[in-house]
Amino acid sequence: MKIDNTFGIEAQCRKLITYDSEEALRKALARIHKLYADLPLLHIGCGSNLLFLGNYEGIVLKSDIKGINLLQEDESEVTVEVGAGEVCDDFIAKAIRRGWYGMENLSLIPGQVGAAAVQNIGAYGVEACDVIDEVKGISLKDGAEHRWKRVECKYAYRRSIFKEELWGKYAITQVTFRLSKHFEPKLHYGGLAKAIEQAGLSISTLTAEQLRKVIIGIRHAKLPDPKEQGNAGSFFKNPVVPKEKAEQLLALFPTMPHYPAEEGKVKLAAGWLIEQAGWKGRSLGPAAVHDRQALVLVNKGGATGQDIQRLCEAIKKDVNERFGIALEPEVNFI
Ligand code: EPU
């Protein structure tokens, strides 16, 4: 059976099971353990962060758990439980319409709500973990339910407990968000305030709908639409390096973009490093580096996962030779 993925890479699996409730998931797991106990199991969302290097000789599970339930509300906040199979951007649009704020900057990021909690998606100065209160999941081994409060999810830049020690062990079924009833735009990310002014809008009267529109405009201008050209968004993580390393590089490349990160560290822009290494817009067979954002690798048509991997390795080698930095993919290789 074919596995959908935004890279548009042909990949088959032995069996694809979509479930729309926790009960259906538990039933599917019982069946899998009985009939296919020897096959590996992979849980996916919309396939927006996956690179298939070949067919997957196992069972693929996919969530279609829907639902947006208001759990609690006071004067300033709401707590909302959302099914992991909801499309994240649809939820953001609905939240804004209902007057629940905090996720505007994450507009148009592809993928489902469950994957957003696993990847700790982020854009324009906001990360999913800023608004996540709790994550609920079911053990793929025995169907037991587990809940993790935000601190237990070990969130950091594009990292979570679900991507690391719990990888492959749980299916996320619901994510609880804590959103504000008062719109406070987060505009500190470089260029965002300017983009708002360029759109003819005033920061003092900005609404959440307007901010969402501006963010969508920026993404459309820079990032390729997976429906037109296969891609998985940012292919690499922005590297976080020791302060001394950043200082050495800044002495050589004073215009290098850099951002404060955790204690004693600095985050660099992988897109800039890749562009400086001469890869922006370049192809290697059917795989290419996007010409408007070098952090995005694209399938020009008919690429295999290995074509993309070859391009990834060539970029890593050149960036390492030039800057002494080991880029790490953000995309999961399967
Ligand atoms: N830059 C270049 N050349 C490029 C791309 C970027 O010089 O080809 C420079 C830009 O001029 C800027 C800096 O690098 O000075 C950062 O660029 P940008 O603001 O486009 O953001 P990014 O760091 O490349 C990250 C996220 C994106 C997210 C944007 C906006 C990661 C891995 N990527 O990209 O997330 O949309 O910030 O917040 O953190 C995604 O994860 O799929 C994704 C698109």
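Rules of the game
- Residues numbered from 1 in each chain as written.
- Predicted model: local features only at pLDDT ≥ 70, side-chain atom pairs only at ≥ 80, totals over all residues.
- Heavy atoms only, no water.
- Buried < 20%, exposed > 50% of the residue type's maximum accessible area, 1.4 Å probe, protein only.
- Helix = DSSP H or I, 4+ residues; strand = E, 2+ residues; numbered from the N terminus.
- Contact = heavy atoms within 4.5 Å.
- Phe/Tyr/Trp six-rings, centres within 6.5 Å; stacked < 30°, edge-to-face > 60°.
- Lys NZ or Arg CZ within 6 Å of the ring centre and 35° of its normal.
- Near = heavy atom within 4 Å.
- Polar contact = N/O pair within 3.5 Å; in protein donor to acceptor, adjacent residues only side chain to side chain.
- Areas by Shrake-Rupley, 256 points an atom, 1.4 Å probe, with all protein chains shown as cover.
- Domains from an automatic or database assignment.
- Pairing = 2+ DSSP bridges.
- Axes fitted to C-alpha atoms, helices over the stretch in contact; angles between N-to-C directions.

> Give me the lowdown on helix 2 (residues 88–98), citing residues and values where you can.
The complete set of buried residues in helix 2 reads Cys88, Asp89, Phe91, Ile92, Ala93, Ala95 and Ile96. Those residues of helix 2 that are buried lie in contact with strand 5 (68–73), strand 6 (77–83), helix 3 (113–119), strand 11 (170–180) and helix 5 (208–222). At the exit of helix 2 stands Gly99, carrying a positive phi of roughly 85°.

> Break down the packing of aromatic side chains for me, with residues and values.
According to the stated counting rule, one finds 11 aromatic pairs in the structure shown. Ring pairing ties together the aromatic residues Phe7, Phe235, Phe236 and Phe333, which thus form one cluster. A cation sits over an aromatic face here: Lys267 above Tyr157, 3.6 Å from the ring centre. For the cation-ring pair, Arg282 lies above Trp279, with the distance from its terminal atom to the ring centre recorded as 3.8 Å.

> Report on the site of the ligand, specifying residues and quantitative values.
In the vicinity of the ligand there are 25 residues, among which Tyr124, Tyr157, Arg158, Tyr189 and Glu275 approach most closely. A distance of 3.0 Å is found between an oxygen atom of the ligand and a side-chain nitrogen or oxygen belonging to Lys222. Bound to the protein, the ligand loses 83% of the 820 Å² it would expose on its own. The biggest single contributor to the shell around the ligand is helix 7 (residues 270–276), with three residues. Inspection of the shell around the ligand shows a minimum of three residues originating in each of domain 2 (68–180) and domain 3 (230–333).

> Describe in detail the pairing of strand 5, supporting the description with residues and values.
Both strand 5 and strand 6 contribute to a ladder of five bridges, which runs antiparallel. Paired with Glu73 across the strands is Val78, a residue of strand 6. Between strand 5 and strand 6, which pair antiparallel one after the other, the connecting turn spans three residues.

> Quick rundown of the sheet that holds strand 13 (residues 240–242)? Include the residues and the values.
Sheet strands pair via backbone hydrogen bonds, and the direction of the pair is either parallel or antiparallel. Taken in spatial order, the three strands make up an open sheet running 13-15-14, and their pairing is antiparallel. A strand with exactly one partner marks an edge of an open sheet, and here the two such strands are strand 13 and strand 14 (258–260). For this sheet, the mean inter-axis angle between neighbouring strands, taken without regard to orientation, is 40°. Sheet analysis places strand 13 next to strand 15 (residues 265–268), joined by three bridges and oriented antiparallel. Counterpart to Pro242 in the pairing with strand 15 is Lys265. Sitting on the sheet, helix 6 (residues 243–252) is in contact with strand 13, strand 14 and strand 15, with an inclination near 95° to strand 13.

> With reference to specific residues and values, describe unusual backbone geometry.
A positive phi is found at Lys154, a non-glycine position, where the angle reads about 50°. Looking at Lys154, the relative accessible area reads 48%, which means it is partly exposed. Residue Arg158 is not a glycine yet carries a positive backbone phi of 55°. Within the fold, Arg158 resides in the loop between strand 10 (145–149) and strand 11. Residue Arg158 is classed as buried on the basis of its relative accessible area of 12%.

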